Amino acid sequence: MNIALDRRRFLSLMAATTALPAMSRYAGAATPFNFQASWINDAEFTGYFIAADKGYYTDAGLDLTYFSGGPDVIPESTLIAGKADLTLTTPDTTIKAIAEQGAPFKIIGAQYQKNPIGIVSLASNPIKTPEDLIGKTLAAPPVNVISVEAMLKISGVDRSKVNIVPYAYDPTPLIKGEIDASLDFTTNVPYTIDQAGAEATSFLLYDFGFTIFNDTVVVTEETLKTRRKDLVAFLKASRMGWDENFKDTTVYPPMFADSWFKGTGRSIENEIYFNGAQKPLMEAPGGIFSMSEEAIEANIKALAEVGIAAKREYFDTTVLEEIG
């Protein structure tokens, strides 16, 4: 769920791959296909769960094995290790790996057109723009400070005028007034704050210049070359799942309470909130996963602000063109 929060950091392509969590298999399809998610089972992956339960992958000729992610899973490493055929991750980690380490990756789609990470504050002490951060204390995960700095630079805000402190993915300090704002997921944390009896407000880094995708769909160059038909089938079936989900974002989370969402420690009400909040960040004129030339250029420009040299060739839109 983020730009480069710890759960998606790319430590080293050659690092030993952490043992993967339990998986779910839907048998009966002709071709085995392994899909690595980027985080634990929550609303972020609802469309894939729907596609699996409704048999869309099976109908597309795939025998899907779904691997849940988590804080110790490095998605790109599962591709290198051959444990996954396709994964979701973030464009900054993938492109940095390509540009600096020669990783054989291609980005073939984007689940989130707008990255859901943003600045969260209390409605009683609102931070509504980057300028509002001047003289305030912002808690941000260390790995994401560079992204905040890029947004501040783009917005013309002097970094030295914002007090940035470490954040440990816990909104309690914000609720208690110990900090003025935190960097987190706008699709989820506001609900947590609301449940604690406070009211949150937020804005996306994306809306203030840091225009990158999230949950980019990544494969190796070899998979793109040899398994194009399967990739088309996966994206098409997955898009069907997401389209079904967005007909009514309140319908499916309760259905998964005793299956996909079981044991996560999150309430179904939280997942319903999350599911509704992510809809406008994912939908695009070209359909779920689409990557327009304008959006790709925006990603390249934004990543340049954090010193990542992205190139158009790192994005491959030919598979999307075959979905129809």
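Q: Just to check I follow, could you spell out the packing of aromatic side chains for this structure?
A: We describe a pair of aromatic rings using the distance from one ring centre to the other and the angle between the two ring planes. Scanning all chains against the criterion turns up 19 aromatic pairs. Where Phe 49 meets Phe 261, the ring centres are 6.0 Å apart and the plane angle is 75 degrees; that geometry is what we call edge-to-face. Taken as a pair, Phe 49 in helix α1 (residues 46-53) and Phe 261 in the loop between α10 (252-255) and α11 (268-282) lie far apart in primary sequence, 212 residues in all. For Phe 49, a relative accessible area of 0% gives the class buried. Pairing Phe 203 with Phe 208 gives two aromatic rings, centres 5.0 Å apart and planes at 65 degrees, and the pair type is edge-to-face. Relative accessible area serves as the criterion here: at 7%, Phe 203 is assigned to the buried category.

Q: Could you clarify how one ought to interpret the environment of Leu 152 in this entry?
A: Counting through the fold element by element, Leu 152 comes out in helix α5 (residues 145-154). As for Leu 152 and Thr 129, which are separated by 23 residues in sequence, their C-alpha atoms are 9.9 Å apart. Look past the residues within four positions of Leu 152 in its chain and what remains in contact with it is Pro 130, Leu 133, Val 157, Arg 159 and Val 162.

Q: Explain the pattern of salt bridges here, please?
A: Opposite charge on two side chains lets them pair, provided their charged atoms get close. Enumeration over the complete set of coordinates arrives at ten salt bridges. Measuring nitrogen to oxygen at the nearest pair gives 2.9 Å for the salt bridge that ties Asp 230 to Arg 227. Of the residues examined, Arg 227 reaches a relative accessible area of 17% and is grouped as buried. In this structure, Lys 247 and Glu 244 form a salt bridge, with 3.0 Å as the shortest nitrogen-oxygen distance. The exposure class assigned to Glu 244 is buried, which follows from its relative accessible area of 18%. Connected via shared salt-bridge partners are Asp 42, Arg 266 and Glu 271.

Parameters at a glance
Residues numbered from 1 in each chain as written. Predicted model: local features only at pLDDT ≥ 70, side-chain atom pairs only at ≥ 80, totals over all residues. Heavy atoms only, no water. Phe/Tyr/Trp six-rings, centres within 6.5 Å; stacked < 30°, edge-to-face > 60°. Helix = DSSP H or I, 4+ residues; strand = E, 2+ residues; numbered from the N terminus. Buried < 20%, exposed > 50% of the residue type's maximum accessible area, 1.4 Å probe, protein only. Contact = heavy atoms within 4.5 Å. Salt bridge = Lys/Arg side-chain N within 4 Å of Asp/Glu carboxyl O.

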